[in-house]
Amino acid sequence: MSAIGANLRGKFIVFDGTEGSGKSTQARLLRDAILKEGTVEVALVRDPGTTRLGERIRQIVLDPENAEMAMRCEMLLYMAARAQMMAETIAPALQSGNLVICDRFVSSTLAYQLGGDGLTADEIRRVAQVATRGIAPDLTLLLDLPAQQSLARVGREKDRIEQRPMEYHEQVRKNYLAQAAADPAHFRVIDAMREPEAIHADALKALTEIAR
Ligand code: TMP
């Protein structure tokens, strides 16, 4: 691989997809590959989470005991965690010229919360604009796999969202693919049914394109 890191300064990359799609593994593999070049600093973050407050919000949204949570509350909690991560971590890192690699982002809300209690994409985008100050990823790498495989890969006890029925998760996958189809300049769909090395190679190739 020729060095691409220098051209990724100040870029914002997101890995997204359903549970068990390997986002976190791929985010780490990418970070390690770029760091090895030594040309750019990398901030690796996860959404929801990363900040002290974000991790606390994460516990609240994922806790199966919070069964009464209304969909609009759920959506706003994800956005609140994101707003804190943007202010505390992502915006300063981008401003310093670092490469930001984020595990999930607004595209997750547009996949998981879309249609819940009638939430529209426009409503979610308007809240996202407030939460993120309009800072959007340069590229989202969508790791795609069927819902059945996706849930089968969850090795631990299922959280509040993972416990939802299969039809919900099938719809989430469709919502992701629809976002990618509507905005091909900012999304790459990567087949996540393959070995991590093959997925990593595709991710690097996609980054080479935007690093030009
Ligand atoms: P994780 O699988 O990346 O740890 O994410 C935690 C869960 O939160 C996962 O089930 C997907 C869900 N989620 C949403 O429902 N909406 C969102 O906006 C985000 C970021 C995650």
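The residue numbering used here restarts from 1 in each chain and proceeds along that chain's sequence as written. Since the coordinates come from a predicted model, pLDDT governs what is reported: local features require at least 70, and pairs of side-chain atoms require 80 or more to be given and counted, while whole-chain, interface and lining totals use all residues. With hydrogens and water stripped out, all remaining heavy atoms of the structure feed into the side-chain values.

## Regarding helix α3 (residues 71-95)
Residues separated by three or four positions in an α-helix point in the same direction, a consequence of the helix having 3.6 residues per turn. Runs of H or I in DSSP of at least four residues are treated as helices and runs of E of at least two as strands, each being numbered from the N terminus. For a helix, the expected span equals 1.5 Å multiplied by the number of residues minus one. When the terminal C-alpha atoms of α3 are compared, their 33 Å separation across 25 residues agrees well with the 36 Å that a helix rising 1.5 Å per residue should span. Most pronounced at Met-86, the bend in α3 amounts to some 50°. Note on α3: the residue one or two positions beyond its end, Gly-97, has a positive phi of about 85°. One fitted axis covers the seven residues ending at a residue, a second covers the seven starting there, and the bend at that residue is the angle between these axes.

## Side note on the site of the ligand
The full set close to the ligand counts 14 residues, and Arg-58, Tyr-78, Arg-104, Thr-109 and Gln-113 are the nearest of them. In protein, a polar contact requires one atom able to donate a hydrogen and another able to accept it; more generally it is a pair of N or O atoms within 3.5 Å, and residues adjacent in sequence count only if both atoms are side-chain atoms. Measuring from an oxygen atom of the ligand, one finds a side-chain N or O atom of Arg-82 at 3.0 Å. Elements with a minimum of two residues in the shell around the ligand: α2 (52-62), α3 and α4 (106-112). The residue classification treats Ala, Val, Leu, Ile, Met, Phe, Trp, Tyr, Cys and Pro as nonpolar and Asp, Glu, Lys and Arg as charged. All others, Gly included, are polar. Looking at the shell around the ligand residue by residue, the classes come out as five nonpolar, three polar and six charged. The criterion for a residue being near a molecule or strand is simple. One of its heavy atoms has to lie within 4 Å of it.

## With respect to unusual backbone geometry
Each neighbour pair has its own omega, and for Asp-47 with Pro-48 the value is 0°, a cis peptide bond. Relative to the elements of secondary structure, Pro-48 occurs in the loop between β2 (42-46) and α2. Of note in the backbone geometry, Thr-50 takes a positive phi value of approximately 75° without being a glycine. Looking at where Thr-50 falls in the secondary structure, it is placed in the loop between β2 and α2. The phi torsion at Asp-117 lies on the positive side, around 50°, for a residue other than glycine. Classification of Asp-117 as exposed rests on a relative accessible area of 54%. Relative accessibility thresholds used throughout: buried, under 20% of the residue-type maximum; exposed, over 50%; partly exposed, between the two (1.4 Å probe, protein chains only).

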